[in-house]
Amino acid sequence: MSAEPVPAAAADATTAPARRYSFHVEEPCEGDRVAKFLEAFAAVLEYTDYKALLDSYCTTSAKCNRCAVTCPVFQVTNDPRDIPCYRTNILLEVYKRYFTIGGWVSSRFKSHFELTDEVIDEFAEVLYRCTACRRCTQECPMGVDHGLMTRLGRYVLSLIGVVPKALQVSVREQLEGETHNTSKVPQKAMLHTLDFLSEEMEDILGVKMDFPVDEPDRDFAFFCAVSDYLMEPDTLMGNAAVLYAAGDWDRWTIGTDNFDGINYGLFYSDWHLENIIKRLLGEVDRLNAGKILIGECGHASRSAHQFVPVFGDRERYPVLNFMEYTYDCLLKGKIELDPSIITERVTYHDPCNIARSGWIVEQPREILRAFVPNFVDMSHAGRRNYCCGGGGGLVSVDEIHDFRMEIGGRVKAEQMRETGAEIVVAPCANCKKQLKELVEHYKLPCKVMGLHDLILKAIVIPGGKSPAERKQEAELYA
Amino acid sequence: MEQAITLARGPLFALAFGIMVLGLARLVLLQVYELAVGKGRRLQNAPWRKIMGETITWALPFKHFIKGTLLFSSASFAMHIGLILVPLFLADHVAMWERQFGVNLPSMGRGMADVLTLLTLFCLLVLLGFRFLSWRHRAVSTPTDYWLLVALIVPFASGFLATHPGLNPFRWEVVMLVHLLSANLLLVLVPFTKLAHVVLFAFDRISEIHWQLRPGAGDRVANALFGSEAKV
C-alpha cells in the first residue's frame, strides 16, 4: 500500500506534461503563483467573514493531535501531511505571515514562514487528500473546524485555477451550461427517463404513476442528485413509491429548468455555492412550490438545508430531506412497509453531510427497523461515523481512484466487512458510488443501495401488487 | 532582592494583570462584534442549543476521551485543574487578591494545593514529553507549543519550591522572584497565545455560525479578481 496518491498519468508520463497535482486541473496556474494566491486570499478576506475565525484559530489552535487519531486518511497513511492540524496550519501560517501585524513584525526579526510554489503545491495536495468529513472537528478540544479550513483553502486555490477539473466542469455546466445540471443531462433525456421509469414502476408495482413535471403550486419541489436519473433509478422510484403510497402524489413536482440537487460549491467555493443555491431557489419560485424536498444525497441535502436559510429565506423555503419525509409518513401511518420481504442482514452508512451535525441519524434507522428484521449498525455509527472515503468531492475525481480505494475508503471497507451485512444502505449518491467501488475493490460480500431502493421492495402500494408478489416476480425474473 | 520582590508582587503584577484583562477583553469584544455585527441576521440560523450543549460537554470532556489520545487528553484535562484552582485559591494567593483588588476568595488547604501543584507539574511534563518524543506531535508543533509549556512549568515549580524550604536547594528570595516574574510573564502571555482559550473557550464551538457565509461575498470576490464578467 502506498501512502502517496497514485498519479493517474504515470503511465503516459513520457508523452504528457508533468502534473503538479494528483488531480487534473483545466489550466495550470502559471506565472507568479505566490502573488496570485496572496491576491486571491486578500480578496477573500476583504469580502467575507473568515478573518475573525482565522484570528481565533491562530490564537487557540492547540496542536494536540487528537484530530490525527480521528482522521480515516491519517489512520491509514500515518503521513504527517494528513494530520488535519498540519493542513490547517499551512493556511493559518499564510494568514499570520501576510495578513497580520504580528506576522509582519516577526518576519523582520527571525526565520519565518514564507509562501512558496512548493508550499502551494503541498497545500493543494493535502487539501484534496481530505474528504472534508469533519470527523476531526468533532474531537478538536479548541473547536477548530478543519473542514471549514479545508474548504477555505480550496476556495482560495480555486481562485487561482487550482481545482479538480471534474468539479469545475460540472459546476460550469450547472451554472453556465444549457442543461443546468452537473451531468449535462438534457431536459429531453430526463423526461424520457421519467417516462421509462413510469412504465417500469407500472410493471413492478402494478399501478400507473406519471411523474409530475413542472406542476405549479405544489407542496414539494423535488431535487435529487442528477445521478439518480441516470445510475440510481431504484432510489428515484422508491421516492416516488413513498409519495404515491402516502397519498401525496398530487403534492410534488419535478422542475425541468433545474432538477439537479448537487452543489459542488459546498466543497470548494463560496461563489459557486451561493449561485447554485440561488438557481435552486429560482426554480422553486418558478414552480411556486412550498417546500424544497431533497432526494437521497448527503451534500445536496446539507447544502440546501444549511445554505438556503443563509442565501434565501428560511421561512419561505423550508428544506426537507426525503428520509425525513418518509419517516414522517411512517409515524403518521401513511405508509406501510412489509417486514417479511428483506431477509438479508442490512447495515447503514451515515453520510457525513447529514449525520455529523446530528440532523439525520435516527430517522433512517427507525425506518429500517420498521421493516428489516436483521438490521445491524456499524461500529462508530451516527455522528461519529467514518467517511466513505469519497467525501468533499473526491468521489468525482476519477484520477485519484486509487487513493480513494487504498487510503480514503480503507477504514470504511473494514467497517462494512465487520458487520457481515449483505446489504449496505447508503442514502447518498456520492457515498453509493464510492462504496460500490470499495465493494468491488475489496471484494466485499455485500451490495450497496439507497434506503428507498430497499423501501421500493417492501412498501405496500394501495391498489398495486403486494410486496410478496413483487418479490416472487423479481426472483423469477432473476 | 527584597525591593525586587516587592516590585514584582506589587506594581508589576498589577501591570501584568491589567494587560491580561485588557487583552482578553479585546478578544472577547472582537468575537462578540464579529458575531453581532458581522453575522447579523444570519445568527438566527445558528444551532444555539447544540453550541451551548457542546460548550458545556467540552468543559468536562469525559465523553471525549477517545482511544489513541487517552494519556495526552487525561494529562491535558488534569493539568487544568491545578492551573485554575491553585492561582486562585492557594492561601498566599488569596491574600494577594485581597491586597491588590480587595477581593475575598475562599482558600484551599496547603496539602490540597501541593497535590494539585504536583499533579499540574507532572501533567505539564507529560505534555512536554509528548511534544519531544511523539513524532505525530512534533510534526504539528511550533516553537510556541514547547516554550509555552516551559512558561507554565516555571511558576508552578518555583512556587512549590518557595513553599517547601526543605526541598528548595536555592535561595528563597531568588526562587520567589523567579516565581513572581514568571507568573507575571504568564499573565501577559495569556491574551497573545493559546492560553487565551481561558475566555475564547466560550466561542470554541461556534463554527456552525461561521458556516453562515456572507451573502453576495462570493460574487464580490470574483468581481474584484476577474471583473464583472467572471466565469466559472
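Figured I'd write up the structure that's included with this text. Values in this document were obtained by computation on a predicted structure and should not be read as measured data.

### A closer look at the overall build of chain A
1) Next: Each helix and strand counted, chain A has 24 helices and 7 strands in total.
2) Next: Principal axes of the C-alpha set define a box for chain A whose edges measure 80 × 50 × 50 Å.
3) Next: Here chain A holds 478 residues, and the buried ones make up 63% of them.
4) Next: Nonlocal contacts in chain A, meaning residues at least 24 apart in sequence, comprise 80% of its contacts between residues at least 6 apart.
5) Next: Charge-centre separation for chain A: the mean point of 53 positive side chains lies 5 Å from the mean point of 70 negative side chains.

### Side note on the packing of helix α11 (residues 187-205) of chain A against helix α13 (residues 233-245) of chain A
All names here are of chain A.
1) Next: Relative orientation of the contacting elements α11 and α13 amounts to 70 degrees, with a least axis distance of 11 Å. Overall, the two elements α11 and α13 adopt an arrangement that is roughly perpendicular. In terms of crossing hand, the pair formed by α11 and α13 is right-handed. Between α11, through Leu194, Leu197, Glu200, Met201, Ile204 and Leu205, and α13, the contact on the second element is made entirely by Pro233, Leu236, Met237, Ala240 and Ala241.

### Here we look at the nonpolar core
Residues and elements named next belong to chain A.
1) Next: Counting 198 residues, the largest nonpolar core has Phe37, Leu54, Ile292, Leu368, Phe371 and Leu454 as the members making the most contacts within it.
2) Next: A domain split of this core shows at least three residues from each of domain 1 (8-162) and domain 2 (180-478).
3) Next: Leaving out residues up to four positions away in the same chain, Phe37 has contacts with Val94, Leu115, Ile120, Phe123, Val156, Leu157 and Ile160.
4) Next: Counting residues in each nonpolar core, the second largest holds 19 residues, with Cys133, Met416, Ala426 and Leu438 among its members.

### A look at the environment of Gly10(B)
Residues and elements named next belong to chain B.
1) Next: Inspection of the secondary structure puts Gly10 in helix α1 (residues 2-39).
2) Next: Judged by relative accessible area, which is 15%, Gly10 ranks as buried.
3) Next: Once the C-alpha coordinates of Gly10 and Gln100 are considered, the two residues, 90 residues apart in sequence, prove to be 7.6 Å apart.

### Describing the side chain of His93(B)
All names here are of chain B.
1) Next: Mapped onto the elements of the fold, His93 is located in helix α4 (residues 91-101).
2) Next: On the basis of relative accessible area, His93 is assigned to the buried category, the value being 15%.
3) Next: Polar contacts involving the side chain of His93 include one to the main-chain carbonyl oxygen of Pro87, which spans 3.3 Å.
4) Next: His93 has contacts with Val86, Pro87, Leu88 and His179, leaving out every residue within four places of it along the chain.

### Let's talk about the side chain of Asp350(A)
Residues and elements named next belong to chain A.
1) Next: The residue Asp350 is located in the loop between β5 (346-348) and α18 (352-355) in this model.
2) Next: In this structure Asp350 comes out as buried when scored by relative accessible area, which is 2%.
3) Next: Within polar-contact distance, the side chain of Asp350 engages the backbone nitrogen of Gly382 at 2.8 Å.
4) Next: Excluding anything up to four places from it in sequence, Asp350 contacts Ala355, Ile360, Val361, Arg365, Ala381, Gly382 and Asn385.

### Regarding a nonpolar patch on the surface
All names here are of chain B.
1) Next: A cluster of nonpolar side chains, namely Met1, Val150, Val154, Val174 and Val178, defines an oily patch on the protein surface of about 340 Å² accessible area.
2) Next: When contributions to the nonpolar patch are tallied by element, the ones reaching two or more residues are α7 (143-162) and α8 (172-189).
3) Next: Along the chain, Val178 falls in helix α8.
4) Next: Residue classification places Val178 among the partly exposed residues on the basis of a relative accessible area of 36%.

What counts as what
Residues numbered from 1 in each chain as written. Chains lettered and ligands numbered in written order. Predicted model: local features only at pLDDT ≥ 70, side-chain atom pairs only at ≥ 80, totals over all residues. Heavy atoms only, no water. Helix = DSSP H or I, 4+ residues; strand = E, 2+ residues; numbered from the N terminus. Buried < 20%, exposed > 50% of the residue type's maximum accessible area, 1.4 Å probe, protein only. Contact = heavy atoms within 4.5 Å. Lys, Arg positive; Asp, Glu negative; His and termini not counted. Charge placed at Lys NZ, Arg CZ, Asp CG, Glu CD. Axes fitted to C-alpha atoms, helices over the stretch in contact; angles between N-to-C directions. Parallel < 35°, antiparallel > 145°, perpendicular 65-115°, else oblique. Left-handed = near helix turned anticlockwise from the far one by under 90°. Core = buried A, V, L, I, M, F, W, Y, C linked by side-chain atoms within 4.5 Å. Domains from an automatic or database assignment. Polar contact = N/O pair within 3.5 Å; in protein donor to acceptor, adjacent residues only side chain to side chain. Patch = residues over 30% accessible without salt bridge, like charges linked within 9 Å, V, L, I, M, F, W, Y side chains within 5 Å. Areas by Shrake-Rupley, 256 points an atom, 1.4 Å probe, with all protein chains shown as cover. Salt bridge = Lys/Arg side-chain N within 4 Å of Asp/Glu carboxyl O.

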